[in-house]
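What follows is each chain in one-letter form.
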Amino acid sequence: MTNARDTAAGILRLGNAFCDAKALLTAVELGLFDVLHAGPATAGDLRDRLGLQGRGLSDFLQLLVELELLTEDGGRYGNANGADRFLVRELPSYVGGFLLRSNRNLYPAWGRLTEALRTGDPQAGGSFDDVIADPALLGQFVRMMDALTQIIGPELVDAVDWPSQGSVLDVGGCRGNLAAQVVKAHPELTGTVYDLPEMEPFFDEHMAATGLTGRLSFHGGNFFTDDSLPAADVVLMGHVLHDWDEVQRRDLVAKAFPAVNPGGALVVYDRMLDDRRNRVENLVISLDMLLVSTGGSEYTSAELREHAEAAGFGSITVQPLGDFDTLVVCRKD
């Protein structure tokens, strides 16, 4: 079989793969899948309902058909199964929050990858301090994190040996979407979300919506400047360590050790780089971190093991989690 990268056509196709991605991102931005969730529509219907007065709509819709995001029957377009399940805003399975953030933040930043490689400087528009200061941007970030935890949450619930009773601390847990899934699945657990104080209104809103007010609490703080983390039987750090450089990752693991109750565990998941099954996807995420942070990157489970052993953790297990993540459980004797 000929490798596509051995042909000029294959290389050119790879070089234009960003066009496919931008078509999806634009459809999410326009709310196309939300409109079609109500039922099939013609191109004319969609032109009116979405306010699209320019040329190219039919080609755009046909491209989404070829990308298996839409169906077409007799000139009427509808959502394909996956799009109708994951790209409709009103559904709990919606993951479009990540794609909206990608369209507005990551997509422009990737256009400056050359500059990032030359200088090492982030290329995304605005630091995280800017995001925190802007409620609209912070809302986008929260929805992006919800999209990620909506996917990984059920996998994590099944993969971890949760205590029969006890407490869970989700460090950098945003508005508590992941912690909510854990305590829903294990009613005997109580939970705390630890994040910057600006997240608390989003947390309160989400707990009210999920009916978990009182089951989960919020602890505002900064894990670099606070002297300690709240204590818990299980301390979670999911998609947190990759935001920081190796020295900062080591320091955060060390700070987690005294927060874990004896017999408990530090549970970490990230897009780690030592698993060949998802190498391309996770290298892309690592470059995302180059573009949006001052020192972040993905890392190997071997690096994390080294940090955990230096902090004092005993038994350490490593296993795949979901399609792209690696789960590392570090137990405290």
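First, a word on scope: everything that follows refers to the structure included in this document. What you are looking at is a predicted structure, and each value in this text was computed from that prediction instead of being measured.

**Here we look at unusual backbone geometry**
Part 1 of the argument: In this structure, Glu 68 is a non-glycine residue whose phi angle is positive, near 65°.
Part 2 of the argument: Of note, Glu 68 is situated in the loop between helix H5 (57-66) and strand S2 (70-73).
Part 3 of the argument: Of note in this structure, Cys 174 is not a glycine but carries a positive phi near 55°.

**Side note on the packing of helix H7 (residues 96-110) against helix H14 (residues 279-292)**
Part 1 of the argument: Where H7 meets H14, the axes come as close as 10 Å, and the angle between the chain directions of the two elements is 90°. Considered as vectors, H7 and H14 are oriented roughly perpendicular to each other. Two secondary-structure elements touch here, H7 through Asn 105, Leu 106, Ala 109 and Trp 110 and H14 through Val 284, Leu 287, Asp 288, Leu 291 and Val 292.
Part 2 of the argument: Residues belonging to the contact of H7 with H14 are distributed by class as follows: 7 nonpolar, 1 polar and 1 charged.

**As for H14**
Part 1 of the argument: Helix length check: H14 (14 residues) gives 20 Å between terminal C-alpha atoms against 20 Å at 1.5 Å per residue, within 8%.
Part 2 of the argument: Buried within H14 are the following residues: Asn 282, Ile 285, Ser 286, Asp 288, Met 289, Leu 290 and Leu 291.
Part 3 of the argument: Elements that come into contact with the buried residues of H14 comprise H7 and helix H8 (113-119).

**Structural notes on the sheet that holds strand S3 (residues 76-79)**
Part 1 of the argument: Strand order across the open sheet formed by 3 strands is S1-S3-S2, with antiparallel pairing between neighbours. Here the strands that pair on one side only, and so sit at the sheet edges, are strand S1 (41-42) and S2.
Part 2 of the argument: In this sheet, S3 lies alongside S2 in antiparallel orientation, the contact comprising 4 bridges. Considered in S3, the bridge of Glu 72 is made with Tyr 77.
Part 3 of the argument: Most of the contacts of H5 go to S2, to which it runs at about 110°, and overall it touches S2 and S3.

**Let's talk about the packing of helix H2 (residues 17-30) against H7**
Part 1 of the argument: Two elements in contact, H2 and H7, have axes separated by 9 Å at closest approach and are oriented at 120°. Judged on the interaxial angle alone, H7 and H2 are oblique. Seen along the crossing, H2 lies across H7 with a hand that is left-handed. Every residue of H7 that contacts H2 at Phe 18, Lys 22, Leu 24, Leu 25, Val 28 and Glu 29 is listed here: Gly 96, Leu 99, Leu 100, Ser 102, Asn 103, Arg 104 and Tyr 107.
Part 2 of the argument: Considering only residue class, the contact of H2 with H7 consists of 7 nonpolar, 3 polar and 3 charged.

**As for the sheet that holds strand S5 (residues 189-195)**
Part 1 of the argument: The 7 strands lie next to each other as S6-S5-S4-S7-S8-S10-S9, forming an open sheet whose pairing is mixed. Edge positions in the sheet fall to strand S6 (216-220) and strand S9 (316-321), since each of these pairs with one other strand and no more. When the angles between neighbouring strand axes are averaged without regard to direction, this sheet yields 20°.
Part 2 of the argument: With 6 bridges joining them, strand S8 (residues 260-270) and strand S10 (residues 325-331) adopt antiparallel strand pairing. Paired with Leu 266 across the bridge in S10 is Cys 330.
Part 3 of the argument: Lying on the sheet, helix H11 (residues 177-185) is in contact with strand S4 (166-171), S5, S6, strand S7 (232-238) and S8; it crosses S5 at an angle near 175°.
Part 4 of the argument: Of the strands in this sheet, S7 and S8 touch helix H13 (residues 246-259), which is tilted by about 145° from S8.

Calculation notes
Residues numbered from 1 in each chain as written. Predicted model: local features only at pLDDT ≥ 70, side-chain atom pairs only at ≥ 80, totals over all residues. Heavy atoms only, no water. Helix = DSSP H or I, 4+ residues; strand = E, 2+ residues; numbered from the N terminus. Axes fitted to C-alpha atoms, helices over the stretch in contact; angles between N-to-C directions. Parallel < 35°, antiparallel > 145°, perpendicular 65-115°, else oblique. Contact = heavy atoms within 4.5 Å. Nonpolar A, V, L, I, M, F, W, Y, C, P; charged D, E, K, R; others polar. Expected span 1.5 Å × (residues − 1). Buried < 20%, exposed > 50% of the residue type's maximum accessible area, 1.4 Å probe, protein only. Pairing = 2+ DSSP bridges. Left-handed = near helix turned anticlockwise from the far one by under 90°.

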